[in-house]
Amino acid sequence: MNLSRILEIDILGDDRGNLSVIENQVHVPFEVKRVFYIYSTKQGVCRGFHAHYKTRQALISVSGSCKVFLDNTIRTDEVLLDAPNKVLILEPNDWHEMYDFSEDCVLLVLASELYDSKDYIRDYNKFLEVYSKKTQEV
Ligand code: TYD
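Here's a quick rundown of the structure.

When its secondary structure is counted, the chain shows one helix and twelve strands. Ordering the α and β elements of the chain from the N terminus gives β-β-β-β-β-β-β-β-β-β-β-β-α. For 138 residues, the compact-globule estimate of 2.2 N^0.38 gives 14 Å, and the C-alpha radius of gyration of the chain, at 15 Å, lies within 12% of that figure. If one aligns the C-alpha atoms of the chain with their principal axes, the spans along those axes are about 50 × 35 × 25 Å. Sorting the 138 residues of the chain into buried and exposed places 41% on the buried side. With the model as given, the accessible surface of the chain reaches about 8100 Å², and the carbon-plus-sulfur share is 49%. Across the chain, 16 positive and 22 negative side-chain charges occur, with their mean positions spaced 6 Å apart.

Strand order in the open sheet made by the five strands is S1-S9-S6-S11-S4, with antiparallel pairing throughout. Taken across any chain shown, the strands that pair with only one partner, and hence form the sheet edges, are strand S1 (5–8) and strand S4 (34–39). With direction set aside, neighbouring strand axes in the sheet form an average angle of 25 degrees. Summarising the sheet, S4 and strand S11 (residues 106–111) pair through six bridges and their orientation is antiparallel. Across the sheet, residue Phe36 finds its bridge partner in S11, namely Val109.

Here the focus is empty space enclosed by the protein. The tally for this structure, following the rule as stated, stands at one cavity of 30 Å³ or more. Of the pockets and cavities examined, the largest cavity occupies roughly 50 Å³. Lining the largest cavity we find Ser4, Leu70, Asp71, Asn72, Arg75, Thr76, Asp77 and Asp94. Elements supplying a minimum of two residues to the lining of the largest cavity: strand S7 (66–71) and strand S8 (76–81).

The full set of residues close to the ligand is Arg34, Phe36, Arg47, Gly48, His50, Tyr115, Tyr120 and Arg122. Between the ligand and Arg34, the relevant distance is 2.4 Å, taken from an oxygen atom to a side-chain nitrogen or oxygen of the residue. At 2.7 Å, a side-chain N or O of Arg47 approaches an oxygen atom of the ligand. Here the ligand has 530 Å² of accessible area as a free molecule, and 57% of this is covered by the chains.

Analysis parameters
- Residues numbered from 1 in each chain as written.
- Predicted model: local features only at pLDDT ≥ 70, side-chain atom pairs only at ≥ 80, totals over all residues.
- Heavy atoms only, no water.
- Helix = DSSP H or I, 4+ residues; strand = E, 2+ residues; numbered from the N terminus.
- Rg over C-alpha atoms; globule rule 2.2 N^0.38 Å.
- Buried < 20%, exposed > 50% of the residue type's maximum accessible area, 1.4 Å probe, protein only.
- Areas by Shrake-Rupley, 256 points an atom, 1.4 Å probe, with all protein chains shown as cover.
- Lys, Arg positive; Asp, Glu negative; His and termini not counted.
- Charge placed at Lys NZ, Arg CZ, Asp CG, Glu CD.
- Pairing = 2+ DSSP bridges.
- Axes fitted to C-alpha atoms, helices over the stretch in contact; angles between N-to-C directions.
- 1 Å grid on protein atoms, 1.4 Å probe; cavity = no way out; pocket = protein on both sides within 12 Å on 5 of 7 lines; lining within 4 Å.
- Points joined across faces, edges and corners; volume = space filled by probe spheres on them.
- Near = heavy atom within 4 Å.
- Polar contact = N/O pair within 3.5 Å; in protein donor to acceptor, adjacent residues only side chain to side chain.

If you want it as structure tokens, here you go:
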């Protein structure tokens, strides 16, 4: 089982400001096939509430901040994404929920697969059924 992790990418700063770069399979450990972003999130909204069969993702709050709750059946974690150089790598086996979005939050998501609703596990009991077995094998 792969574990989610936070990567800190370089900030290339000069007197004009900052620039950070993410290259395919260099700064994220997969080929990026899809990019989407979540923004103008209403106060109090929670999103996500799913895991995947195949899709790996990298989450970056390029503006503002939000929190991510993670559950991989063995452990749970809460990650604060509050800097544009912090990249949260989410594995398919990470049940995730995003919340506490700041008004200015733009959450950028890079994904290893094209969108496929069949790749989602939205039922928590199904998630446990699929991944707790694999977890016991580790
Ligand atoms: P949804 O899965 O509900 O977002 P969240 O994971 O935050 O709960 O996605 C919202 C809508 O956008 C839903 O109708 C599916 C659609 N969608 C796409 O068409 N392509 C995509 O890549 C994503 C992520 C969502």
